[in-house]
Amino acid sequence: MLAGRLLRVWRLADTAATGLLRGLRPSPVGRPAQPRLAAPAAIRRASSFQHRTHTCGQLRAKDAGRSVSLCGWLQFKRMGKFITLRDGYGVTQLILPDEDRRLSELVDSLPLESVLQVTGAVRLRPDGQQNQDMKTGDIEVVAHDITVLNKPERELPFNVRSFNKAKEALRLQYRYLDLRHTELQENLRRRSEMVAEIREYLVRDHDFVDIETPTLFRRTPGGAQEFVVPTRWPGQFYSLVQSPQQFKQLLVIGGLDRYFQIARCYRDEGARPDRQPEFTQVDLELGFTSQQEVQALVEGMLHRCWPQELVTPFPRITFSQAMTQYGTDKPDVRFKWRLVTVTRALRSCGLDVLEKQLNGPEGAAVALVVPDGARHHSRAVQAQHARMAEQAGLAGVSALPADGAGRLGGRLAAPLGADTCSRLAAAAGAGPGDLLLLAAGPEGAARTLLGRLRTHMADTLEEAGVTVRRAGPHFLWVVDFPLFVREEGRLVSAHHPFTRPHAEDEHVLYSDPEQARSQHFDLVLNGWEVGGGSMRIHEPALQRHVLQTVLGEDTAPLQHLLDALASGAPPHGGIALGLDRLVALAAGVPSIRDVIAFPKSSDGRDLMAGAPSDISREEYGLYHLKKPS
C-alpha cells in the first residue's frame, strides 16, 4: 500500500516536472506564446494545466523574489496602488508600481469581479504591514503586467465578501456568484477530500466495489413519498429512488458482497428546512456480516475521513434508553442533562389536575433539571415552552426555579406544598439556582416534550454566554429500535420493511409483532441522525410474512426481490450515511445548503433556474398528461 502511494506521488511530480520542461505554456487566442515561469513541481500541482504558476492562496515569505503568474477575480482596489486578487484558494495583495501609470489607469477603469491574469514579482511586505488574517499576509506581488480576461457587463446583484452578506434567497438565485465566497469554496473542497478518503478506505483498504445503481425504478411500498416520473406508456410511471435499498440487497444476492456507492437519492417530503428533495448518501452493503461488524467498518471509515481525531469504538445505547434518558432517539450527548421519572414523588400530592394526569393512560411525571437555569427562565422562554407543550398535546409544562437554598418556587410550588416540593427536588436532583421543568401526562409525550426543552434550554444558556455543550464530535450508536410503529390504527415499518427482527424477538412476529425489536441501528452525531442501517431479512418466507400479514402490503411490486431471496440469499446488512449532513457537521456550518454546490431552497425550489417549471403542450401530450386549468 505504501509503495503504491509513493508511486502515485512520484508520477504526479514527474508529470508536473515534465510540463515545466516544455518551455511554453498555452496562450489565449490572439496572444503570443509566453515563456513559462518556473515553479517547483509541488507548488505547480494546484496550477497544473492552467495559465498560472501559483494560486492566490499559495505564496509565502519563502517565495520572495520569485516571478509568478496569478489568475483570479478583482476583489478590492484602493488608492490606485493596491488591489487584491481572489481565486478559489485564497487572496493575494498586488502592488501597482508608481512608475507605471498604465496599470493604475487600467485597474481604475475596471469594475470589481473583473477576471484578471497578473504577472509580477513576489516581495516581503514592509515591517509592520503584515496581515496575519491572510494566509498570504507576509508577502505582496509587484505587478508587471495585467491582462483583462473578462469583466462584468452590468452591476452585480451583491458584493462577494464575508461580511454583510446578501439574503440567502438572493444568493441562491445567483449561486454562481455565491460560490465565489471563500467559505463555500472551503466547504466544497472539504466535501471532496472527505469523499476521496472514503473511497480510498473502502476500495483500496477493504476491497469494496463502487457500483452505480439505477435512479429510475418503481415505487417502494412502505417508504417515504417518492417523485413520480411519467413515461410515454399511458398510465405507467417510474419513481425516483429514495435509496438504492433493493439494488444493494440484490447485488449481495448476486455475489457482490462488498458494495458501496456515493448515491444520489430523492424524496418528495414537501417543505423541510433541514432537508433537500435530492441528497447524497454513502451507501454500503455487506454479505456474511453482523451489526457489530458493519458498525466497526463505519467507525474506521469516519476515523479515516474526519478532520479531527476520533475515539473509537463509539458508545452505544438502546432506543429505549435514549427515549428514557433524553426524550429523543437522536440525543446530543455533548451535555449530560437527563430526564428523571418523578411520578412517585408526586403521588397523593393533593392537586386534582396533576393526579388526573398521573392516573390517565400511561400517566407519568417526568422532570428535567437545567443546571444554573433559574436565572435564565424569562417570560419569553416560558411562552416558548407553553407553545411547545401545546404542540406536544400536553396541558403545559411547569417551571420550578430553585432559590439559593435549593427551595423550589414558581406557580406550582405553593399548591404542591413544601414537603412535596422537597421530595420532588430530591428525586430530580435539583440544587440551588437550578431550574426544574416538569411535564405530566402520557409518558411518551412527556418525555418527547422534555427532550425538545432540553435542547431549547441548552441553546438559551449558550446564547447567554454559558458553556453547555462540550467541543468536538460526539458520535453515538442507537440500537434496538422498534420493528413496527402504529400510525392511524395500523402497523407500519419503523424504518423499512426489509429490516430484520431482533434475534430474540423473531417469534413475536407471529403473535404480537408490535412488541418486536429490530436489528436497525442509527448513527447520531451531536444531536443529528447522520446514518441508519440494519441487518436485512434474507429468508423469503419471513419477508413475505412481514409484507403481507403484518403490514398488509401487496407483494406483487416486490416479487423480484422475493424471487431473489428464494434463490439463495446470504445473511447481509448495511448502512446509509447522509453525506450532506456529515460534511456540514465536519465543516461546522448550520445548514446542509452550505455544503452543496447547487442546493434547492428550503421549500424545494431551484431559485437560480426557476425549477420546477411548466412544460410545453406537446410534452403534456407525449406523456399522456392533462394540463391543469
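Parameters at a glance
Residues numbered from 1 in each chain as written. Predicted model: local features only at pLDDT ≥ 70, side-chain atom pairs only at ≥ 80, totals over all residues. Heavy atoms only, no water. Helix = DSSP H or I, 4+ residues; strand = E, 2+ residues; numbered from the N terminus. Buried < 20%, exposed > 50% of the residue type's maximum accessible area, 1.4 Å probe, protein only. Core = buried A, V, L, I, M, F, W, Y, C linked by side-chain atoms within 4.5 Å. Contact = heavy atoms within 4.5 Å. Patch = residues over 30% accessible without salt bridge, like charges linked within 9 Å, V, L, I, M, F, W, Y side chains within 5 Å. Areas by Shrake-Rupley, 256 points an atom, 1.4 Å probe, with all protein chains shown as cover. Salt bridge = Lys/Arg side-chain N within 4 Å of Asp/Glu carboxyl O. Pairing = 2+ DSSP bridges. Axes fitted to C-alpha atoms, helices over the stretch in contact; angles between N-to-C directions. Phe/Tyr/Trp six-rings, centres within 6.5 Å; stacked < 30°, edge-to-face > 60°. Arc of directions from axis to C-beta. pLDDT = per-residue confidence, 0-100. Parallel < 35°, antiparallel > 145°, perpendicular 65-115°, else oblique. Left-handed = near helix turned anticlockwise from the far one by under 90°. Nonpolar A, V, L, I, M, F, W, Y, C, P; charged D, E, K, R; others polar. Polar contact = N/O pair within 3.5 Å; in protein donor to acceptor, adjacent residues only side chain to side chain.

### Observations concerning unusual backbone geometry
Inference 1: In this chain, threonine 312 is followed by proline 313 through a cis amide linkage whose omega measures 0°.
Inference 2: Among the structural elements, proline 313 can be located in the loop between helix 8 (291-305) and strand 14 (316-318).
Inference 3: Looking along the chain, the bond that leaves alanine 611 and enters proline 612 is cis, with omega of 0°.
Inference 4: With respect to the helices and strands, proline 612 occurs in the loop between helix 18 (579-587) and helix 19 (617-622).
Inference 5: In this structure, aspartate 372 takes a positive phi of about 55° despite not being glycine.
Inference 6: Positionally, aspartate 372 belongs in the loop between strand 16 (363-370) and helix 12 (379-391).
Inference 7: Residue aspartate 372 is classed as partly exposed on the basis of its relative accessible area of 34%.

### Some remarks on the nonpolar core
Inference 1: Counting 37 residues, the largest nonpolar core has Leu202, Leu302, Trp306, Phe475 and Leu523 as the members making the most contacts within it.
Inference 2: Of all elements in the fold, only helix 6 (182-205), strand 13 (278-287), helix 8, strand 19 (475-479), strand 22 (520-525), strand 24 (572-578) and helix 18 reach the threshold of two or more residues within this core.
Inference 3: Of the residues forming this core, the biggest block, 6 residues, is contributed by helix 8.
Inference 4: Beyond its immediate sequence surroundings of up to four residues, phenylalanine 475 is in contact with Leu302, Trp306, Leu310, Phe314, Pro315, Leu523, Val524, Leu525 and Leu582.
Inference 5: With 23 residues, the next largest nonpolar core counts Ala365, Leu416, Ala430 and Leu436 among its residues.

### Some thoughts on a nonpolar patch on the surface
Inference 1: Taken together, the side chains of Val228, Phe237, Ile615 and Leu625 present a nonpolar region at the surface, about 330 Å² in accessible area.
Inference 2: By the secondary structure assignment, isoleucine 615 is in the loop between helix 18 and helix 19.
Inference 3: For isoleucine 615, a relative accessible area of 33% puts it in the partly exposed group.

### A word on the sheet that holds strand 10 (residues 228-230)
Inference 1: Read from one edge of the open sheet, 3 strands run 9-11-10, paired in antiparallel fashion. Unpaired on one side and paired on the other, strand 9 (216-217) and strand 10 mark the two borders of the sheet.
Inference 2: Here strand 9 runs beside strand 11 (residues 237-240); their pairing, made up of 2 bridges, is antiparallel. From the neighbouring strand, phenylalanine 217 faces strand 11, where its bridge partner is serine 239.

### Let's talk about the pattern of salt bridges
Inference 1: Summed over all chains, the structure comprises 37 salt bridges.
Inference 2: The shortest N-O distance in the salt bridge between lysine 330 and aspartate 329 comes to 3.9 Å.
Inference 3: Note on lysine 330: relative accessible area 36%, which makes it partly exposed.
Inference 4: Overall, the relative accessible area of 24% leaves aspartate 329 in the partly exposed class.
Inference 5: Taken together, the salt bridges that share partners define one network made up of Asp332, Arg334, Asp459, Glu462 and Arg469.

### Some remarks on the environment of glutamate 212
Inference 1: With respect to the helices and strands, glutamate 212 occurs in the loop between strand 8 (209-210) and strand 9.
Inference 2: A relative accessible area of 74% places glutamate 212 in the exposed class.

### Focus on the sheet that holds strand 3 (residues 67-78)
Inference 1: Within the closed barrel, the 5 strands sit side by side as 3-4-5-7-6. Their pairing is mixed. Each adjacent strand pair in this sheet contributes to an overall mean axis angle of 50°, direction not counted.
Inference 2: Judged from the 10 bridges that link them, strand 6 (residues 115-124) and strand 7 (residues 139-150) form a sheet pairing that is antiparallel. Pairing of alanine 121 across the sheet is with valine 142, part of strand 7.
Inference 3: Contacting strand 3, strand 4 (82-87) and strand 7, helix 3 (residues 101-108) crosses the sheet at an angle of about 60° to strand 7.

### Comments concerning the packing of aromatic side chains
Inference 1: Scanning the model with the defined rule gives 7 aromatic pairs in all.
Inference 2: Consider the rings of phenylalanine 335 and tryptophan 337, whose centres lie 5.0 Å apart with planes at 85°: the pair is edge-to-face.
Inference 3: Its relative accessible area of 10% is what places tryptophan 337 among the buried residues.
Inference 4: For the pair tryptophan 477 and phenylalanine 521, a centre-to-centre distance of 5.8 Å together with 75° between the ring planes defines the contact as edge-to-face. One end of the pair, tryptophan 477, is in strand 19; the other, phenylalanine 521, is in strand 22, and 44 residues separate them in sequence.
Inference 5: When its relative accessible area of 0% is taken as the criterion, tryptophan 477 is described as buried.
Inference 6: Among the aromatic residues, those joined into a cluster by ring pairs are Trp306, Phe314 and Phe475.

### A short note on helix 3
Inference 1: Turning to helix 3, its buried residues are Leu103, Ser104 and Val107. Along the long axis of helix 3, the arc covered by the buried residues comes to 100°, so they all point the same way.

### Some words on the confidence of the model for the chain
Inference 1: Per-residue confidence for the chain averages 91 on the pLDDT scale, and 93% of its residues sit at or above 70.
Inference 2: Segment residues 1-42 is flagged for pLDDT under 50; beyond a separation of four residues in sequence, or across chains, it makes 50 contacts in the model.

### As for the packing of helix 6 against helix 8
Two numbers describe a pair of packed helices, the interaxial angle and the distance between the axes.
Inference 1: Between helix 6 and helix 8, whose axes approach to 8 Å, the crossing angle comes to 135°. Of the possible angle classes, the one that applies to helix 6 and helix 8 is oblique. The way helix 6 lies across helix 8 gives a crossing that is right-handed. In this structure, helix 6 uses Met194, Glu197, Ile198, Glu200, Tyr201, Leu202 and Asp205 to contact helix 8, whose residues at the interface are Leu297, Gly300, Met301, Arg304 and Cys305.
Inference 2: Of the residues assigned to the contact of helix 6 with helix 8, the class counts are 7 nonpolar, 1 polar and 4 charged.

### A few points about the pairing of strand 18 (residues 435-442)
Inference 1: When you tally the buried positions in strand 18, you get 7 out of 8 residues, the bulk of the element.
Inference 2: The pairing of strand 16 with strand 18 spans 8 bridges and is antiparallel. Paired with valine 366 across the two strands is alanine 439, which belongs to strand 18.
Inference 3: Note: strand 17 (residues 398-401) against strand 18, 4 bridges, orientation antiparallel. Counterpart to alanine 399 in the pairing with strand 18 is leucine 437.

### Some points on the side chain of arginine 469
Inference 1: Position of arginine 469 among the secondary structure elements: in the loop between helix 15 (443-463) and strand 19.
Inference 2: A polar atom in the side chain of arginine 469 sits 3.2 Å from the side chain of aspartate 332.
Inference 3: Separated by 2.8 Å, the side chains of arginine 469 and aspartate 459 make a polar contact.
Inference 4: The residues touching arginine 469, leaving out its near neighbours within four places in the chain, are Asp332, Arg334, Phe335, Thr455, Ala458, Asp459 and Glu462.

### Quick word on the pairing of strand 16
In regular strands, side chains alternate between the two faces of the sheet.
Inference 1: Burial within strand 16 is extensive, with 8 of its 8 residues counted as buried.
Inference 2: Judged by which residues are buried, strand 16 turns out to be covered on both faces: Gly363, Ala365, Ala367 and Val369 on one side and Ala364, Val366, Leu368 and Val370 on the other are all buried.
Inference 3: Two strands pair when backbone bridges link them, and strand 15 (residues 339-341) and strand 16 are joined in this way by 3 bridges, in the antiparallel orientation. If you follow leucine 339 over to strand 16, its bridge partner there is leucine 368.

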